[in-house]
Protein chains: 2
Amino acid sequence: MNKQEYIIRQIARTNKKGFENYVVTRIWHLLDDLDIKFMTQQYVKRPSGFALTDLYFPQFQLHIEIDEPFHKHYKVEDDERELDIINAIDHELERIKVIDDIVVLHKRIERLVVKIKSYKKAHKQKGKFKEWNPEKEFDLSHLKKKGSFNLEDNAAFRTIKDACNFFGHHYKSCQIALITNKLNPKQHLWFPKFYKNQDWDNQMSSDGKRITEKCNNPDKRQKHFDRITKKPLDRVTFPRVKDNLGFVMYKFKGIFRPNLTESNLDQIIYDRITCEVKIV
Amino acid sequence: MNKQEYIIRQIARTNKKGFENYVVTRIWHLLDDLDIKFMTQQYVKRPSGFALTDLYFPQFQLHIEIDEPFHKHYKVEDDERELDIINAIDHELERIKVIDDIVVLHKRIERLVVKIKSYKKAHKQKGKFKEWNPEKEFDLSHLKKKGSFNLEDNAAFRTIKDACNFFGHHYKSCQIALITNKLNPKQHLWFPKFYKNQDWDNQMSSDGKRITEKCNNPDKRQKHFDRITKKPLDRVTFPRVKDNLGFVMYKFKGIFRPNLTESNLDQIIYDRITCEVKIV
């Protein structure tokens with residue numbers, strides 16, 4: 001998807017919401033900078049659960065909330081476990097309060113636009129501004145030099161195949177959820193789904209530190225349990241999530257180790273042992 | 001309705017249409033001028049019938065059409081006779097062709113914005129730029145000095161009462177469709193509906209020069225016909241139309257005279273005799 005298509009799709013998500021569409025398009029058009037990425041209606045983690053921020057600039061970890069006179073609260077759908085929810089606890093949050101005076105509203109938006117431009121300038125001066133490039137979004141080759149990546153790097157792959165090949169495989173296609181890490185044979189690469197599916201009902205705790213795995217298929221349960229207990233390998237974990245446009249990706253969430261003490265035939269517990277994975 | 005509400009509502013009409021919303025909001029936000037009025041999806045008369053232009057700047061009689069790769073053609077609904085359709089034959093039409101290159105698209109929009117700004121400047125220099133003022137839109141007092149108005153003036157009233165009082169009555173409310181013109185007792189003021197309603201099915205020809213009036217109520221038909229033939233007064237005609245946000249107004253369409261030669265009990269014909277009405 002190129003920038004144009006991406007932008008149109010992001011903005012289309014604000015349609016049916018008059019003020020939100022107006023404020024989001026005004027910020028975007030006055031910002032007028034194709035190097036800056038934005039997302040609309042981004043799910044974020046809050047102490048009280050999940051929330052949506054109306055506009056998110058990931059390069060600056062800046063969220064905008066548009067406070068409308070009659071603001072609708074969004075229902076988080078049942079498939080929330082599939083969502084790409086951002087941990088935004090240390091992110092900045094700006095509010096644009098919509099009032100019944102368009103001149104004042106325009107001034108508030110202008111101030112915000114000036115602020116975002118100044119952020120870009122400051123990031124550039126510090127050499128930490130990365131231009132938005134949709135084609136390189138899933139290109140993690142720059143991380144190879146570093147020799148590892150961690151949760152902060154927001155590493156994700158579009159497909160399981162891409163992830164496997166990054167870790168030393170040579171697949172043309174691959175749909176397996178558990179596979180050896182060629183870079184470290186003592187680990188598995190794991191691509192779990194955190195929503196109920198055919199054989200499994202897996203869940204990640206809201207703090208991201210524990211995964212509970214349930215096997216719904218009685219024919220497989222014992223065999224699976226025996227395999228884990230016999231050879232409890234650490235799992236480099238990339239859950240399947242959907243970005244806010246509905247595109248699937250596999251996003252790194254840490255390395256998890258089977259917790260045999262707390263596991264039983266009904267459910268297997270995995271605890272996060274590190275947020276970093278070596279890629280050499 | 002203030003400007004903010006008006007703007008949000010006009011833009012909301014472009015929602016669900018990704019590219020149209022993007023281009024319209026970009027033109028509007030970059031134009032950044034609250035003295036300029038715009039309308040979205042304005043019905044215009046074409047030689048072949050009616051059409052919608054995506055964006056219309058009435059102060060400059062400039063229409064913008066956004067040519068999308070997959071442009072949907074709008075179905076004109078059955079209630080088209082109630083629409084405020086603009087005769088746009090001598091208006092300017094600009095096309096913004098949406099292509100799959102956002103940098104080029106942005107340049108095309110920028111050129112258009114520069115053009116509109118230059119129009120405003122030129123109009124101002126000639127002293128013919130009237131700032132957009134929603135509160136004065138239906139205030140026709142400036143026409144009183146001129147002593148008359150014509151089709152070009154786009155004169156319209158929000159209510160029948162306002163129109164009657166402009167022509168010398170002193171009503172607090174009024175719903176009558178035919179009433180004496182106090183400024184010229186040889187004329188009637190007429191507020192017809194050009195869509196089928198309880199007793200009537202009236203229609204205006206597409207060139208705006210002839211009205212055909214049919215009475216659907218057999219009990220009233222003869223009496224109505226006798227009244228017209230006995231006293232065929234000219235009619236200062238303000239059909240009921242809806243603007244593109246659905247608000248009713250009564251818009252001047254000329255003075256019509258009963259054409260007794262061509263009329264009969266089934267239908268009465270009125271022909272436009274002048275496009276101008278005296279208001280002194």
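Residues numbered from 1 in each chain as written. Chains lettered and ligands numbered in written order. Predicted model: local features only at pLDDT ≥ 70, side-chain atom pairs only at ≥ 80, totals over all residues. Heavy atoms only, no water.

J.: Sorry, what's going on with the relation of the copies chain B and chain A here?
T.: These two copies of the chain differ by a rotation about an axis and a displacement along the same axis. Rotating chain B by 180 degrees and translating it 0.0 Å along the rotation axis places it on chain A, where the RMSD comes to 0.1 Å. Both copies are brought into coincidence by an operation consistent with a two-fold rotation axis. Looking at the interface residues of chain B, 100% of them are also at the interface in chain A, so both copies use one shared face. (Least-squares fit on C-alpha atoms with pLDDT ≥ 70 in both. Contact = heavy atoms within 4.5 Å.)

J.: Which parts of the structure should I look at to understand the pairing of strand E14 (residues 248–251) of chain A?
T.: Every regular strand shows the same layout, with side chains that alternate between the two sheet faces. Residues and elements named next belong to chain A. Side chains Val248 and Tyr250 project from E14 onto one buried face, and the interleaved Met249 and Lys251 project onto a second face that is buried too. Two strands pair when backbone bridges link them, and strand E7 (residues 156–157) and E14 are joined in this way by two bridges, in the antiparallel orientation. Its bridge partner being in E14, Phe157 is matched across the sheet by Tyr250. Both strand E13 (residues 240–242) and E14 contribute to a ladder of three bridges, which runs antiparallel. Counted as the bridge partner of Lys242 is Val248 from E14. The antiparallel pairing of E13 with E14 creates a hairpin that spans five residues between the two strands, and Gly246 there sits at a positive phi of about 90 degrees. (Buried < 20%, exposed > 50% of the residue type's maximum accessible area, 1.4 Å probe, protein only. Helix = DSSP H or I, 4+ residues; strand = E, 2+ residues; numbered from the N terminus. Pairing = 2+ DSSP bridges.)

J.: Help me understand the sheet that holds E7(A), please; the structure alone is not making it clear to me.
T.: Where strands meet in a sheet, backbone hydrogen bonds hold them as pairs that are either parallel or antiparallel. Spatially, E7-E14-E13 (chain A) is the arrangement adopted by the three strands of the open sheet, whose pairing is antiparallel. Each of the sheet's edge strands pairs with one partner strand only, and the pair in question is E7 and E13 of chain A.

J.: What's the story with unusual backbone geometry in this structure? I'm lost.
T.: Residues and elements named next belong to chain B. At Asp32, a residue that is not glycine, the phi angle is positive and equals roughly 50 degrees. Assignment of secondary structure puts Asp32 in the loop between helix H2 (18–31) and strand E1 (39–46). Assessed through its relative accessible area of 45%, Asp32 is described here as partly exposed. Located in the positive-phi region is Gln41, a residue other than glycine, with phi close to 50 degrees. Within the element layout of this structure, Gln41 appears in strand E1.

J.: Please clarify how the packing of aromatic side chains should be interpreted in this entry.
T.: Two aromatic rings, taken as a pair, are described by how far apart their centres are and by the angle between their planes. Residue and element names in this part refer to chain A. Inspection of every chain in the model, using the stated rule, returns 32 aromatic pairs over all chains. Pairing Trp190 with Tyr270 gives two aromatic rings, centres 4.8 Å apart and planes at 45 degrees, and the pair type is tilted. Note that Trp190 is positioned in strand E9 (residues 187–190) and Tyr270 in strand E16 (residues 268–274), a separation of 80 residues in sequence. Accessibility assignment for this pair places Trp190 and Tyr270 in one class, buried. Taken together, the aromatic side chains of Phe149, Phe157, Phe166, Phe167, Phe191, Phe238, Tyr250 and Phe252 make up a single cluster linked through ring pairs. Just above the ring of Phe166 sits the side chain of Lys144; from NZ or CZ to the centre is 4.5 Å. (Phe/Tyr/Trp six-rings, centres within 6.5 Å; stacked < 30°, edge-to-face > 60°. Lys NZ or Arg CZ within 6 Å of the ring centre and 35° of its normal.)

J.: It is not clear to me how the packing of helix H2 (residues 18–31) of chain A against helix H1 (residues 3–12) of chain B should be interpreted in this structure. Could you clarify?
T.: Between two packed helices, both the angle of their axes relative to each other and the distance between the axes serve to describe the pair. One way to put it is that H2(A) packs onto H1(B) with a least axis distance of 9 Å and a crossing angle of 90 degrees. Taken together, the axes of H2(A) and H1(B) are roughly perpendicular relative to one another. Judged by residue contacts, A:Gly18, A:Phe19, A:Asn21 and A:Tyr22 of H2(A) engage B:Gln4, B:Ile7, B:Ile8 and B:Ile11 from H1(B). A class-by-class count of the residues in the contact of H2(A) with H1(B) yields five nonpolar, three polar and no charged. (Axes fitted to C-alpha atoms, helices over the stretch in contact; angles between N-to-C directions. Parallel < 35°, antiparallel > 145°, perpendicular 65-115°, else oblique. Nonpolar A, V, L, I, M, F, W, Y, C, P; charged D, E, K, R; others polar.)

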